[in-house]
Structure formats: structure tokens, C-alpha cells
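What the coordinates show
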Amino acid sequence: MPLENGDTARHRGPQVNGEVSGIPRLRDMRDTPLQGTTAPDSSRTEVMAAGREPGPALGDEDVTPGGAPQRAGQHEEALMTELSELVQKVVKNSSWWERHGVDISILACSILLLPAGFLCLRSAQAIPFLAGVLTLGVVHHTLTVKGSHLASHNALTESKSWGKVWAIFFIELCSAFTVEQATYNHVKIHHGYTNIIGLGDSSTWKLPFLNRYVYMFIAPLAVPILTPLVALDLLRNVEWKAALRTLCCMFLGFYCHYWLLLHVSGFQSPWSALLCMLLTRSLLAHPYIHVNIFQHIGLPMFAADRKPKRIHLMSLGVLNLPRNALLDWSFGHSLISCHVEHHLFPSLSDNMCLKIKPIVSQYLKQKKLPYNEDTYSSRLRLFLQRYEELMVHAPPITELVGIQ
């Protein structure tokens with residue numbers, strides 16, 4: 001349901017990082033620039049399938065004010081189909097190395113860096129010791145964030161069987177979470193209902209009882225402790241076999257890390273080893289929390305029975321951050337600079353999201369659809385200034401104004 005050319009000037013939204021964003025008007029919210037906020041996916045390189053919503057359709061009629069909903073919906077589906085065809089051509093012409101090899105190599109290099117990190121911690125000198133902490137911290141987040149994210153979408157391999165193996169390794173062994181709940185909450189809910197109030201609106205990241213500075217700068221340090229605790233609570237919702245497997249993998253992951261710190265890094269006491277574990281596992285916890293809220297919260301939110309079709313939903317409710325060498329390596333392009341592309345085509349790897357980025361951005365701008373981009377610092381300022389509005393109060397429902 002794109003804007004007609006004659007309506008472009010009338011409905012064109014605020015500029016986000018220099019880009020004109022056609023976001024709709026928000027109910028009960030000032031017209032200030034929104035400058036800026038992540039269950040298994042079985043589709044592979046078939047981008048046409050990746051373009052569909054993973055979850056069951058809620059309100060599929062997608063009520064469109066002042067027009068014929070069916071005709072408008074068909075036009076939006078045609079836009080998504082056209083974009084999918086453009087992207088599929090790129091995927092079909094890409095080698096295995098581009099589709100999977102680049103990201104697998106990054107994960108493999110991270111694993112190979114583990115011995116160097118543990119050995120650096122043996123040093124009594126500050127610089128080698130800090131280098132060990134930095135190495136283990138970056139490796140940990142690469143495996144737990146980038147690896148788990150790609151594994152949850154089965155984007156590491158063409159094989160579903162191997163995809164399951166990688167999911168267990170990265171999500172349960174490395175991240176101390178259960179595969180079933182991680183993939184359901186992320187793929188089925190967050191991706192299926194992106195920015196739908198009460199479903200995929202990123203509300204799980206909100207802790208309204210914390211003030212802005214505690215939430216933004218202190219609470220992230222507790223992520224390594226809270227993650228396994230939440231996982232243990234969620235085990236009640238899975239079969240006993242899956243729960244037992246998760247418990248074994250969680251224990252093995254923690255114990256291996258602890259054993260290596262004692263016997264390879266030479267820590268003398270259990271408490272010093274545990275403190276080092278907490279330090280390395282929380283090294284990039286701040287950007288991890290920030291990225292998860294920056295790319296969705298503060299953007300348009302919709303009711304389940306009144307939402308636009310997929311291409312509008314993802315272009316309106318998702319934001320890209322600029323490229324950053326450290327975060328690109330540790331979190332992956334699909335979580336940083338290619339988040340819009342990832343939400344449109346979630347089965348693609350990080351490297352493929354980066355490769356299709358020019359096509360997606362050009363197409364959305366050509367069709368007068370939003371393509372939201374903003375800087376990390378700008379979003380941080382926005383959340384500190386409007387923390388109560390964005391993170392404490394319930395988000396307003398977006399009116400579908402200008403989506404004809």
C-alpha cells in the first residue's frame with residue numbers, strides 16, 4: 001500500500017539521519033522525529049519463502065482506512081514479491097562462501113582465538129591480562145549473539161539436521177538458553193509480529209521499575225546471570241527430554257569455562273575464576289541491550305487486528321545502525337547495519353544481508369517506503385531523553401495514516 005506520488009509531500013514523515021522516512025502519524029504522541037530500537041526458521045535460500053511472516057497471520061485483512069483493503073493488500077503483496085525476486089536473483093548468483101562461508105569463518109576464527117585468550121590470562125602483567133579479557137569477551141559474544149542468532153534462523157547451513165546441531169551448540173552450550181524457547185520467542189513471535197503490541201513489540205526488554213541510568217548503564221552487567229535464570233524458568237514450557245538436554249548443555253558450557261580458567265589460565269580461587277567469567281561474559285552486554293531496544297522501540301507500533309502488510313510493517317518498525325567493526329564481528333550485520341534487510345529476509349546470513357542491502361534500500365526509497373537509519377549515539381541520547389515515554393509507559397498504537 002505505497003503512497004501515491006501525488007501524496008508524497010503531504011504524508012512524508014520526518015527525516016531520520018538524512019533519509020526521508022514515510023512513517024505514519026502516531027496517536028497521542030508529539031510529531032517529533034523518531035531518530036531511532038531480536039523461534040526456528042525452516043526456509044533456506046528460497047527468498048520468496050523468507051519474505052513471508054513466520055507466525056500465523058493475525059488480522060490478515062489488514063484494515064486500511066479510506067480505501068479498498070483487498071486491492072491495497074494485493075498491491076503491497078506485489079511489492080514484496082517484486083523485492084523478493086530481486087533479492088533471490090542475488091542469492092542464486094552468490095557462492096556458498098558468500099551465503100554461509102564468510103560467517104562460518106568468523107565463528108571458526110573466534111573459536112580458534114579461545115586458547116590465546118585463556119593463555120593471556122596467565123600473565124601477571126596488566127596489558128596481556130586485559131588482552132585476554134578482551135579476547136574472551138569478544139569471542140563469547142560472537143558465539144552467543146552472532147552464532148545463536150544465525151543458528152536460530154538456520155542460516156548457517158542448508159541442512160536442517162546440521163542446523164539443529166548448531167542451534168544446540170550456540171544457543172544451549174554457549175549461551176545457556178533453551179533452543180525451543182529461544183527460536184519460538186525470536187523467530188515465531190518477534191519476527192512474525194514485529195512491533196505488534198503485546199506480541200513482537202520488544203516489551204520483554206523493558207524493566208519499567210528501573211530508572212534510565214540504571215537500565216542503560218548498570219543493569220546490562222547482570223545479563224550473564226539473568227540469562228540462565230530466565231532459561232531455567234522457561235524449561236517448564238518444554239518437554240522433559242529437551243529440558244534435560246538443555247540442563248546438560250548449560251552445565252557443560254559453564255563448567256568448561258570455569259575449568260579452563262582454573263587449569264589453563266591459572267586462577268587460584270573459585271571466586272576469582274567466577275568473577276573473570278562474569279567480566280568476560282558482560283564485556284559487550286551494554287551494546288547488546290542497547291541494540292535490542294534501539295532498533296524497534298520508539299518506532300511505530302501496531303495493533304494485531306490493524307496492521308500493515310509485511311513490507312510496510314518491516315520498513316516502518318525496524319531501524320539500521322551504522323557499521324561498526326567490533327559490533328559487526330561480534331553481533332553480525334543482520335543485528336547492526338542490516339536489520340531492515342534481516343527482518344524482510346530472515347533466513348539469509350549476515351554476509352548476504354550486507355550484500356542485498358543496496359538493493360533493499362534502493363527499492364524501498366524508490367517506492368517511497370521508509371528506510372530508517374540512525375546513529376548509535378543519537379539513539380542513546382533519544383532513549384535517555386524520552387526513557388519514560390519509550391520504556392516505562394505503554395507505547396501508543398500507530399494510526400495507519402498515509403498508507404493508502
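Residues numbered from 1 in each chain as written. Predicted model: local features only at pLDDT ≥ 70, side-chain atom pairs only at ≥ 80, totals over all residues. Heavy atoms only, no water.

As annotated in an unreviewed UniProt entry, the chain carries the name FADS6 desaturase and comes from Smithornis capensis.

Applying the stated criterion to the full structure yields 11 aromatic pairs. A centroid spacing of 6.2 Å and a plane angle of 80 degrees characterise the contact between Trp166 and Phe169, whose relative ring orientation is edge-to-face. Of this pair, Trp166 and Phe169 both sit in helix H7 (residues 160–174), separated by three residues, roughly a single helical turn. For Phe169, a relative accessible area of 26% translates into the label partly exposed. Here the aromatic cluster, defined as three or more aromatic residues joined through ring pairs, consists of Trp162, Trp166, Phe169 and Phe170. (Phe/Tyr/Trp six-rings, centres within 6.5 Å; stacked < 30°, edge-to-face > 60°. Helix = DSSP H or I, 4+ residues; strand = E, 2+ residues; numbered from the N terminus. Buried < 20%, exposed > 50% of the residue type's maximum accessible area, 1.4 Å probe, protein only.)

Counting 22 residues, the largest nonpolar core has Ile311, Leu344, Phe345, Val360 and Leu364 as the members making the most contacts within it. Going through the elements one at a time, helix H3 (69–92), helix H14 (310–317), helix H16 (339–344) and helix H17 (350–366) are the ones with two or more residues in this core. (Core = buried A, V, L, I, M, F, W, Y, C linked by side-chain atoms within 4.5 Å.)

The next thing to look at is a nonpolar patch on the surface. Side chains of Ile225, Leu226, Leu229, Val230, Leu232, Leu247, Leu275 and Leu278 sit close together on the surface and give an oily, nonpolar patch of about 690 Å² of accessible area. For the nonpolar patch, the elements supplying multiple residues, two or more each, are helix H10 (223–234) and helix H12 (270–281). Within the fold, Leu229 resides in helix H10. (Patch = residues over 30% accessible without salt bridge, like charges linked within 9 Å, V, L, I, M, F, W, Y side chains within 5 Å. Areas by Shrake-Rupley, 256 points an atom, 1.4 Å probe, with all protein chains shown as cover. Salt bridge = Lys/Arg side-chain N within 4 Å of Asp/Glu carboxyl O.)

It is worth spelling out the packing of H7 against helix H8 (residues 179–191) at this point. The contact between H7 and H8 brings their axes to 9 Å, and the two run at 95 degrees. It follows that H7 is roughly perpendicular to H8 by the angle criterion. For the pair H7 and H8, the contacting residues are Lys164, Ala167, Ile168, Ile171 and Glu172 in the first and Val179, Glu180, Ala182 and Thr183 in the second. Here the residues of the contact of H7 with H8 are counted per class, giving five nonpolar, one polar and three charged. (Axes fitted to C-alpha atoms, helices over the stretch in contact; angles between N-to-C directions. Parallel < 35°, antiparallel > 145°, perpendicular 65-115°, else oblique. Contact = heavy atoms within 4.5 Å. Nonpolar A, V, L, I, M, F, W, Y, C, P; charged D, E, K, R; others polar.)

Residues separated by three or four positions in an α-helix point in the same direction, a consequence of the helix having 3.6 residues per turn. The axis of helix H4 (residues 96–112) is deflected most strongly, by about 25 degrees, at Val102. Those residues of H4 lying buried are Arg99, His100, Gly101, Asp103, Ile106, Leu107 and Ser110. (Bend = angle between axes of the 7 residues up to and from the residue.)

All right, on to the environment of Phe294 then. Mapped onto the secondary structure, Phe294 falls in helix H13 (residues 285–294). A relative accessible area of 0% places Phe294 in the buried class. C-alpha of Phe294 to C-alpha of Ser378: the two residues are 84 residues apart in sequence and 9.8 Å apart in space.

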